[in-house]
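Coordinate analysis (summary)
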Amino acid sequence: MGDARTPAASLQSFQRDFAAALFGSDDARAGCAAASQAGFDVYRNTIMVACVDALAASFPSVFQLVGEAWFRDAAALFVRGRPPTEGGMASYGEGFAEFLADFEPARELPYLPGVARLDRLWSEAHLAADGPVVGATALAALAPSALAVAVLVPHPSARWASFADLPVVTIWRRHREGLPLDGELPWVGESVLLARPAGEVRWQAMEPSGVAFLAACASGRSFADAVDAAEQAAPGCVDELGTWLPALLAAGAFTRIEGDSP
Amino acid sequence: MAPHRGAGAPALTAGLGLKAEHYGEALACRADGLWFEVHAENYMVDGGPRLAWLEAIRGEHALSLHGVSLSVAGAEPPDRSALDRLAALVRRFEPALVSEHLAWSRLGGSYLPDLLPFPRSDEALATVCANVARVQEAIGRPIAIENPSHYLTLDGHDWSEIDFLDEIARRTGCSLLLDINNVFVSARNLGTVAEDYLDAFPAARVSEVHLAGHRPDPRVGEALLIDSHDAPVAAEVWTLFERFTRRAGARPTLIERDAELPAFAELLGERDAAHARLVGDVALAA
C-alpha cells in the first residue's frame, strides 16, 4: 500500500501503538514514543487499578476468601487476557470464574470458581431488568388443563446454579450473610436461586428438582413438561410439588405465564 | 447558558458527584442551587436498585449525565449500544447537562478505563467532530466536551488544546466543560501556565465547570500530579476558579469526588463553598 496513509490511519496507528504499550512488553513500549515518559505509567496504573477495583467490587466473596494481595495478582492476570469491552464496569468480569477454574494457584481451593460464579450471578441479578412477579394466586387461578400447557417465564433477574459435591452455596452465603467462614461445612452438593423480585437481590437454597424445573421453564417448556423434567432429575419430587413450587413462586422466580388464555 | 431553569425554579449553582454511599442523604438534601452528576456508564444497566435510586433523586434534583467511555477522540466511532443506552438515559432522566471528555478509551472492541491522550492533528479534529456529532445525533441534544488532564508531552499537535476545543464547539454546536483541576494538573505536568490557559479559554462556550482534588504521583512526587478525585479541592484550584468566575460569571459547578469518599456533610461543605463563590459573583455582577 506504500506510505500513502489516509488521515484516519494515523490517529488509529497512534492509538494502536499506545494501547499495545499500555498492556504490553518492552518491545511494545518501544513502539510508542510517549511510553518512555514517567507520565505514561499514570495511564497504565489507572487502567489496571480501575479494572482490578471493578473485579474486587463484583467478586467480594472471592476477595474475602483469598485476601487482597492474592486477589489483585490473579485479577491483574485476568485483566491482561480479558480487558473490559464496555464502559459499564459493574458488568465487567464475565469469565472470571472460568479463569479461576484454570488458574493453577487456585487448585487447592476447589470451591473458588463456584464462589466466583455466584458472585457473578448476584451481579447479573442486581443489574437485570425489572419485571412483575407471578404469585401463587395467579397460578391457582388456572384450570388444571390450562396450567399443564402454560409456560412459566423466569423473572429477568432469576439466576440459579447447582454444584455437585461441593458446599459452594454455604461458603458463599456465609460471606454474604456475614457469618464465620471457618465453621463446619456440609461437604455435599448444593443448589441456589437468586432473584430480585423487588428492591435488593435475595437468594435461597434449592433442591435439584427446583433447578431442573426452572431450567425447563427457561427453555420454553410447558408446566407439565417442566414438572416431568424435575421428576427425572429428582425422582419422587412430584409428590413434594406443593412445597417446592410455592417456594419458587415466593422467591420471585417467574415474571409471567404464557399460553394461559386461548 | 442557564440549564434547566424552569419557571420559578432556582438556577443551578454548585453540584455534587452522586455516590451510591450517599443516595439517602442526597435525596433528602435541600441545599440552594444543588444538583447531582453521575457517570452515565454506571446507569447503563437494564434495571435494579441503582436506576430506582437515580429516579428518586431526579424527582427532587436536577441531574447531569457525565460520560467517561464514549471515546469521542477514538479513531473508531462510539460504541453503538453505549449510544443507545445513553439516549435511553437522556429520555428517562431529562438531565440538565450531558458531557464527555476530549479523550479516547476504546480500541478494537476493548475498553481502556481511562481518558487517553492523542495528537491534536487536523485529522483528529475531523474525527472528534464526527464522533461528537454522532453522540448529539443519538441523544438529540448538544453535549459539553471536557478538557482532560495531561501527563505526557506528545508530538504531532497541529492545534493548541483551546483552539481545538473552540473549533469542535464551532463545528458541532457542542458546549465546553471546563475542568479547572485538570487545567492546574496539566499545567504543572507539562510546564505551562494555568492562568494563561484559563484566561484564554472561550468562556462564552462554557456550560459547566468541574472542581476536584489531585495528588502527587507516589514515585515522581510534585512534578507529576494525578487527577485522582480522592482529595478536597486544592487551594490553588479554588483561586483559579475565582479567577475564571470573575471573568466569565457563574456556571453550574461540580465538586467531583470519586475515591477516599468522606461523609456527605463534608462534601456538601465543599459544594457550599463553591455555591457561595458563584452566588457572590452573580451578586457583584448584578
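The structure this text deals with has already been given above.
I will try to describe carefully the structure that is included in this document. All values derive from a computational prediction rather than experimental measurement.

Some points on the sheet that holds strand β2 (residues 159-163) of chain A
Residues and elements named next belong to chain A. Overall, antiparallel pairing links the three strands, which are arranged β2-β3-β4 in an open sheet. The open sheet is flanked by β2 and β4 (202-206), the only strands paired with a single partner. This sheet shows a mean twist of 20° between the axes of neighbouring strands, independent of strand direction. Bridge count between strand β3 (residues 190-195) and β4: five bridges; the pairing is antiparallel. Each bridged residue has a counterpart across the sheet, and for A195 the counterpart in β4 is R202.

Structural notes on empty space enclosed by the protein
Where empty space is left can be seen by rolling a probe of water-molecule size over the atoms. On inspection of all chains with the given rule, the structure shows one cavity of 30 Å³ or more. Lining the largest cavity are Y43 of chain A together with L102, A103, L115, L116, P117, F118, R120, P148, S149, H150 and E161 of chain B.

Let's talk about the sheet that holds strand β2 (residues 35-39) of chain B
Residues and elements named next belong to chain B. With parallel pairing, eight strands are arranged side by side around a closed barrel as β1-β2-β3-β4-β7-β8-β9-β12. Neighbouring strand axes in the sheet, compared pairwise and without regard to direction, differ in orientation by 30° on average. Summarising the sheet, strand β8 (residues 175-179) and strand β9 (residues 206-212) pair through four bridges and their orientation is parallel. Counted as the bridge partner of D179 is H210 from β9.

Here we look at the layout of surface pockets
Residue and element names in this part refer to chain A. Looking at the second largest pocket, its volume works out to about 470 Å³. Along its surface, the second largest pocket is lined by 26 residues, and E86, S91, Y92, E94 and R120 are the ones closest to its centre. The element contributing the most residues to the lining of the second largest pocket is helix α7 (residues 112-127), with four residues. Here the lining of the second largest pocket is composed, by residue class, of ten nonpolar, six polar and ten charged.

Digging into the interface of chain B and chain A
On the chain A side, the residues contacting the 40 residues of chain B number 42 residues. Buried surface at the junction of chain B and chain A, summed over both partners, amounts to about 3200 Å²; 65% is from carbon and sulfur atoms. Where chain B meets chain A, there are zero salt bridges. Linking chain B with chain A are eleven residue pairs in polar contact (both at pLDDT 80 or more). The set of elements that each furnish at least two residues to the side of chain B that touches chain A consists of α2 (49-58), β5 (104-107), β6 (110-116), α4 (122-139) and β11 (221-226) of chain B. The element contributing the most residues to the side of chain B that touches chain A is β6 of chain B, with seven residues. Residue composition of the side of chain B that touches chain A, grouped by class: 21 nonpolar, ten polar and nine charged.

Some thoughts on the state of the cysteines
Residue and element names in this part refer to chain A. This model, assessed by the stated rule, comprises zero disulfides over all chains. Distance from the sulfur of C32, which forms no disulfide, to the nearest cysteine sulfur (C51) is 18 Å. Residue classification places C51 among the buried residues on the basis of a relative accessible area of 0%.

Conventions we followed
Along each chain, the written sequence defines residue order, and numbers are assigned to residues from 1. Just so you know, chain letters begin at A and ligand numbers begin at 1, following the order they were written in. Where local features are concerned, this predicted model is filtered to residues with pLDDT of at least 70; where side-chain atom pairs are given and counted, the filter is 80 or more; whole-chain, interface and lining totals use all residues. Derived side-chain values reflect all non-hydrogen atoms in the structure, with water molecules and hydrogen atoms excluded from consideration. Between any two strands, at least two bridges found by DSSP are needed for them to pair. Strands are runs of DSSP state E lasting at least two residues, helices are runs of H or I lasting at least four, and both sets are numbered from the N terminus onward. Axis geometry follows a simple rule: fit a line to the C-alpha atoms, using only the stretch in contact for helices, then measure angles between N-to-C directions, giving values from 0 to 180 degrees. Note on definitions: the grid is 1 Å and covers protein atoms alone; a cavity is a set of points where a 1.4 Å probe fits but cannot get out; a pocket is an open set with protein on both sides within 12 Å along at least five of seven lines; lining residues have an atom within 4 Å of a point. Grid points are joined across faces, edges and corners, and a volume is the space filled by probe spheres set on the points. Residues are grouped as follows: nonpolar covers Ala, Val, Leu, Ile, Met, Phe, Trp, Tyr, Cys and Pro; charged covers Asp, Glu, Lys and Arg; every other residue, Gly included, is treated as polar. Should any heavy atoms of two residues lie within 4.5 Å, those residues are considered in contact. Buried area: the sum, over both parts, of the accessible surface (1.4 Å probe) that disappears when the two are put together. Whenever Lys or Arg places a side-chain nitrogen within 4 Å of a carboxyl oxygen from Asp or Glu, that contact is recorded as a salt bridge. Within 3.5 Å is the distance limit for a polar contact, defined as a pair of N or O atoms, with the added protein rule that one can donate a hydrogen and the other accept it, and that residues adjacent in sequence qualify only through two side-chain atoms. Any cysteine sulfur atom paired with another within 2.5 Å is treated as part of a disulfide. Burial classes: relative accessible area under 20% of the type maximum marks a residue as buried, over 50% as exposed, and values in between as partly exposed (1.4 Å probe, protein chains only).

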